[in-house]
Amino acid sequence: IGPERRADAQRIEAAFAAWAREIDLADKLRCMRKARAESGEVFAILAQNSGLRGKVKLDVRLVESDQVATPYGAALAQREVDGIEYDEFGNPTRYSLLKWHPGALFIRQQAAHSLDARSVVHYFAPDRPGQSRGIPDITPALPLFALLRRYTLATVVAAETAANHAGVLESTASN
């Protein structure tokens, strides 16, 4: 690689690093990986953020998977599955993003924004053909958590039982 191309590559890498720091990309990617493990999926919306100081105004906004859904009572499109509309080849074309999280404490009529699929990253690991939503990575371990809970409770009960049998004996007899 020539010195001119090396200098260009270094400028590009420096600009990318500055942008990534400004939008806190590393923490967002870490959050996405954690969400996939716990929720099975996460959505990232790519949008223009005029508040960024650098020349690049692209930002990444993470959205909890519960918020990508078809509003309650809304008619489903022909190839729509739980807030994601697909073309005839199974490629996402639109995402339905609820304006409010469905678990919000206040009650509002559910309404949604329709987002073009080109501006949404859906991070999940499909396990079978045609799977449209994610399954948490921890799902196979759930029975083990129940066993661990039972073991922990049994250990505590055994310690309490052993403590209940403790006592002090005093005697006036000499050795």
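Before reading further, recall that the structure is shown in the block above.
Residues numbered from 1 in each chain as written. Predicted model: local features only at pLDDT ≥ 70, side-chain atom pairs only at ≥ 80, totals over all residues. Heavy atoms only, no water.

A. Inspection of the pairing of strand β1 (residues 41-48) at higher detail. Judged from the 5 bridges that link them, β1 and strand β7 (residues 120-124) form a sheet pairing that is antiparallel. Opposite I45, over in β7, you have V120 as the bridge partner. As judged from the 6 bridges shared by β1 and strand β2 (residues 58-63), these two strands associate in the antiparallel manner. When the sheet's bridge partners are listed, I45 is paired in β2 with R61. (Pairing = 2+ DSSP bridges. Helix = DSSP H or I, 4+ residues; strand = E, 2+ residues; numbered from the N terminus.)

B. Summary view of the pattern of salt bridges. Enumeration over the complete set of coordinates arrives at 9 salt bridges. A salt bridge links D8 to R11, with the nearest nitrogen and oxygen atoms 2.2 Å apart. Placement of the pair is D8 and R11 together in helix α1 (residues 3-23), with a separation of 3 residues, close to one helical turn. Take R11: its relative accessible area is 54%, and that puts it in the exposed class. Residue K28 is joined to D59 by a salt bridge in which the shortest nitrogen-to-oxygen separation is 2.8 Å. Residue K28 is found in helix α2 (residues 25-39), and its partner D59 is found in strand β2; the two are separated by 31 residues along the sequence. Each member of the salt-bridge network shares a partner with another, and the members are R33, R36 and D137. (Salt bridge = Lys/Arg side-chain N within 4 Å of Asp/Glu carboxyl O. Buried < 20%, exposed > 50% of the residue type's maximum accessible area, 1.4 Å probe, protein only.)

C. Focus on the sheet that holds β7. Reading across from one edge, β2-β1-β7 is the order of the 3 strands in this open sheet, with antiparallel pairing throughout. Each edge of the sheet is formed by a strand with only one pairing partner; in this case those strands are β2 and β7. Put simply, the sheet's adjacent strands are angled 25° from each other on average, direction ignored. (Axes fitted to C-alpha atoms, helices over the stretch in contact; angles between N-to-C directions.)

D. Inspection of the nonpolar core at higher detail. Formed by F43, I45, V63, V68, I84, Y86, Y95, L97, L115, A117 and V120, the largest nonpolar core amounts to 11 residues. Where this core is concerned, the elements lending two or more residues are β1, β4 (84-86) and β5 (92-98). Beyond its immediate stretch of four places on either side in the chain, L115 contacts I45, T93, R94, Y95, L97 and V120. One finds M32, A35, V42 and V60 within the second-largest nonpolar core, a separate group that totals 10 residues. (Core = buried A, V, L, I, M, F, W, Y, C linked by side-chain atoms within 4.5 Å. Contact = heavy atoms within 4.5 Å.)

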